[in-house]
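# Chain and residue survey
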Protein chains: 2
Amino acid sequence: MVTIQPSSCPSGDEKVQLFALLLETNARLARQLGLELEAACETPLAWFEVLLQLRQAPEGRLKMNQVADAIVHSSGGTTRLVDRLEIAGLVERRSCPNDRRATYVAITPEGDARLDRALAVHLDYLERHLGTRLSGDERETLSTLLEKLNTAS
Amino acid sequence: MVTIQPSSCPSGDEKVQLFALLLETNARLARQLGLELEAACETPLAWFEVLLQLRQAPEGRLKMNQVADAIVHSSGGTTRLVDRLEIAGLVERRSCPNDRRATYVAITPEGDARLDRALAVHLDYLERHLGTRLSGDERETLSTLLEKLNTAS
DNA sequence: GACAAGTTATTGCATAAGCAACTATACTAG
DNA sequence: CTAGTATAGTTGCTTATGCAATAACTTGTC
């Protein structure tokens, strides 16, 4: 089953399709989760991602550039994102004794509480979208494959 | 192997990790491809996505809302994206005889040529990132799993 | 110890994207 | 036919993001 190809170039290539599918799937899932988080928690997806990364980090804190890397944002974008989280009281900046250029971003108790609420929404969302559509084995397989794709370029 | 969990909520949940991995992988791949496309072609990833969808569509055209859906953008965002593509001459708007509310977005010869150039970059990129990291079987599996995730909510 | 080069975070600026309000057109029921 | 409702696309406005330039600091080398 091949679509009509008005041009010569292999736009129907298997890898091209796979990549397009990855983009589309991710965009749909992220959009929907974002809407639900926003509606139920006033918590944008980006905030949720930061809070989650911080909780998973030892001592609930990461350096600025580690946050940027973890959520795959630019350095400048992360600075402003953390600004907003800090204004909301969910996160705080702390100086780093060893390296005075660096600043830690640490989750606050309020951030922790917010993350709990957001996680409840997220888990419900995941149950509906991952739980029902993929089996445990399939999720594991998917995880393995994504990890292979995620290795440093 | 479990990370320290300062809080009670299951942030280490298997599905949560999988979702985070999906976001991260997608973001990394998209960012890198975007940079390469921009550098080699002056073609933002979003433009590439639109052009690709148009080429794959019958007669090289889609209605506005089909474009929006295909690339998972809002309606308003798609309008402006198509504006920019039209200004660049890669796409043109055409009226729809049956429904005077609708407008077609059609790829132009210039758009087709641009897409060819971008596809060359993309294929090279894919070879490096998909080709070397996943086998054909693995890519097929990934494709199947993503399709399951991509079904309408 | 001083200078060069690298690293960390922040800022100015430009752009892209979403939402909500609006216009124009199509469809449905009576 | 008309009224009401739904749909397609555009626009105003706000916000989020990236890039490039900058400032503060560290590291390595001589």
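To be clear, the structure that these remarks concern was listed above.
Our subject in this report is the structure included herewith.

The rules behind each value
Residues numbered from 1 in each chain as written. Chains lettered and ligands numbered in written order. Predicted model: local features only at pLDDT ≥ 70, side-chain atom pairs only at ≥ 80, totals over all residues. Heavy atoms only, no water. Near = heavy atom within 4 Å. Polar contact = N/O pair within 3.5 Å; in protein donor to acceptor, adjacent residues only side chain to side chain. Helix = DSSP H or I, 4+ residues; strand = E, 2+ residues; numbered from the N terminus. Contact = heavy atoms within 4.5 Å. Buried area = accessible area lost by both parts, 1.4 Å probe. Nonpolar A, V, L, I, M, F, W, Y, C, P; charged D, E, K, R; others polar. Phe/Tyr/Trp six-rings, centres within 6.5 Å; stacked < 30°, edge-to-face > 60°. Buried < 20%, exposed > 50% of the residue type's maximum accessible area, 1.4 Å probe, protein only. Lys NZ or Arg CZ within 6 Å of the ring centre and 35° of its normal.

### So, the protein's contact with DNA strand D
Lining the immediate surroundings of DNA strand D are 19 residues, of which S74 and R84 of chain A together with R31, N65 and R93 of chain B lie closest. Of everything in DNA strand D that lies within 4 Å of the protein, sugar and phosphate atoms constitute 68%. With respect to DNA strand D, the side chain of T79 of chain B contributes an N or O atom lying 2.9 Å from a phosphate oxygen. Counting residues per element, the ones that place at least two in the surface near DNA strand D are α4 (75–87) of chain A together with α1 (14–41), α3 (64–71) and α4 (75–87) of chain B. Of all the elements, α4 of chain B adds the most residues to the surface near DNA strand D, at four residues.

### Focus on the interface of chain A and chain B
Between chain A and chain B, the contact holds 65 residues from the first and 65 residues from the second. Interface area for chain A against chain B, summed over the two sides, is near 6500 Å², with a carbon-plus-sulfur share of 66%. Among the residues chain A hides against chain B, the three largest losses belong to K15, F19 and L149 of chain A. Together they make up 11% of the total. For the pair chain A and chain B, the interface holds 15 residue pairs in polar contact (both at pLDDT 80 or more). The set of elements that each furnish at least two residues to the side of chain A that touches chain B consists of α1 (14–41), α2 (45–56), α3 (64–71), α5 (109–131) and α6 (136–149) of chain A. The element that contributes the greatest number of residues to the side of chain A that touches chain B is α1 of chain A, accounting for 19 residues. By residue class, the composition of the side of chain A that touches chain B is 28 nonpolar, 20 polar and 17 charged.

### Considering the packing of aromatic side chains
If you walk through the whole model with that rule in mind, you get two aromatic pairs over all chains. Consider the rings of F19 of chain A and Y125 of chain B, whose centres lie 5.9 Å apart with planes at 90°: the pair is edge-to-face. Of this pair, F19 of chain A sits in helix α1 while Y125 of chain B sits in helix α5 (residues 109–131), on two different chains. According to the relative accessible area criterion, Y125 of chain B is buried, its value standing at 1%. Directly above the aromatic system of Y104 of chain A lies the positively charged group of R61 of chain A, at a separation of 3.9 Å from the ring centroid.

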